[in-house]
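# Per-entry structural report
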Amino acid sequence: MFLSNAAKSLLAGLLLMLSTTGCGIFGTRGDTVTRVSDDTKSNIPFKTTEPENFQCEIVETAGKIVRRKRLAKKGTWRRVDFDYGEPTQRALLQTDKNYILDIGRGLYAEGQTGTGGQFSELTHELLNTGQRSEFEETARNGNMAVYTVRPADGGLSEIVVHYDESIALPVKQEFFSLAGGTRTLTFTIEIVNFKREPDADVFTIPSGFKNVPIDQLLL
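Read on for a plain summary of the structure. Everything quoted here is computed from the prediction, not taken from an experiment. Throughout this description, residue numbers start from 1 for each chain and increase along the sequence as written. The predicted origin of the model limits local features to residues at a pLDDT of at least 70 and limits the giving and counting of side-chain atom pairs to 80 or more, whereas totals for whole chains, interfaces and linings rest on all residues. In computing side-chain values, all of the structure's heavy atoms are included and hydrogens and water are not.

## Brief notes about the overall build of the protein chain
Filter applied, for reference: Helix and strand assignments come from DSSP, with helices taken as H or I runs of at least 4 residues and strands as E runs of at least 2, each series counted from the N terminus. Each residue gets one of three labels from its accessible area relative to the maximum for its type: buried under 20%, exposed over 50%, partly exposed in between, using a 1.4 Å probe on protein chains only. Residue contacts are counted whenever heavy atoms from the two residues lie within 4.5 Å of one another. To measure how exposed things are, a 1.4 Å probe is used in the Shrake-Rupley method; for residues, cover is taken only from the protein chains shown.
A tally of helices and strands in the protein chain yields three helices and 12 strands. Within the protein chain, the proportion of its 219 residues that are buried is 45%. Partitioning the intrachain contacts of the protein chain with sequence separation of at least 6 by distance along the chain shows that 51% fall at a separation of at least 24. For the protein chain, the exposed area adds up to about 11,100 Å²; of that, 52% sits on carbon and sulfur atoms.

Encoded structure:
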């Protein structure tokens, strides 16, 4: 059975991540691939440190388009699943080595030895507001604080961040366009199914998966 062009493109991107120094999206201690800028960090009025251990899903919504990822971290082990729950689900796993998993076909391939380091995906998804911005707390409901974020240059955009103080994480970020005097929701990123401890089997390769050369995943 041949993969669709979209699935092939995703796999090609994952393979590129495995082939580059520094473990691709997982980053390294010295130079993470995705990070919140130091200038933006200094202006965020709440904690931005990720938990040492966690598991969650990130749902990205733009109009009728919805994409879901699953993230997991336990010490130096990391995993990210793209198109989570879909037939095209693919995963990057970093334990003793780097692995790429094709969930639908029950295949996996080995990459370079894992290097540990900072797992930057979660804070990138939910804290990266770009340039230095102004944060204003505009609502509160128990442990949930809502901040309105406005670009310092007064641009035609606005971001609303929902911060859950019980887990010390932003759990939702809404992006609004202010063009033409109309406030329009254009994009949403949200954490769901957050756990302080990952599932026991999330860092293992499922039983029955076949180890294949990396290039065979593109067939």
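There is more to say after this.
## Observations regarding the packing of aromatic side chains
Note the cut-off: Side-chain rings of Phe, Tyr and Trp, where Trp is taken by its six-membered ring, are said to pair if the distance between their centres is within 6.5 Å; with planes under 30 degrees apart they count as stacked, over 60 as edge-to-face, and otherwise as tilted.
This structure, assessed with the given rule, holds seven aromatic pairs. Each ring, one from Phe46 and one from Tyr147, has its centre 5.1 Å from the other, and the planes form 50 degrees; the classification is tilted. Taken as a pair, Phe46 in the loop between helix H2 (38–41) and strand S1 (53–62) and Tyr147 in strand S8 (residues 144–151) lie far apart in primary sequence, 101 residues in all. The exposure classification of Phe46 matches that of Tyr147, with both residues buried. Relative to Tyr163, the ring of Phe46 lies with its centre 4.3 Å away and its plane at 25 degrees, an arrangement referred to as stacked. Within this pair, whereas Phe46 is found in the loop between H2 and S1, its partner Tyr163 is found in strand S9 (residues 157–164), the two being separated by 117 residues in sequence.

## Describing unusual backbone geometry
Here Asp83, not a glycine, exhibits a phi torsion of approximately 50 degrees, which is positive. At Ala168, a residue that is not glycine, the phi angle is positive and equals roughly 55 degrees. Topologically, Ala168 is positioned in the loop between S9 and strand S10 (169–177).

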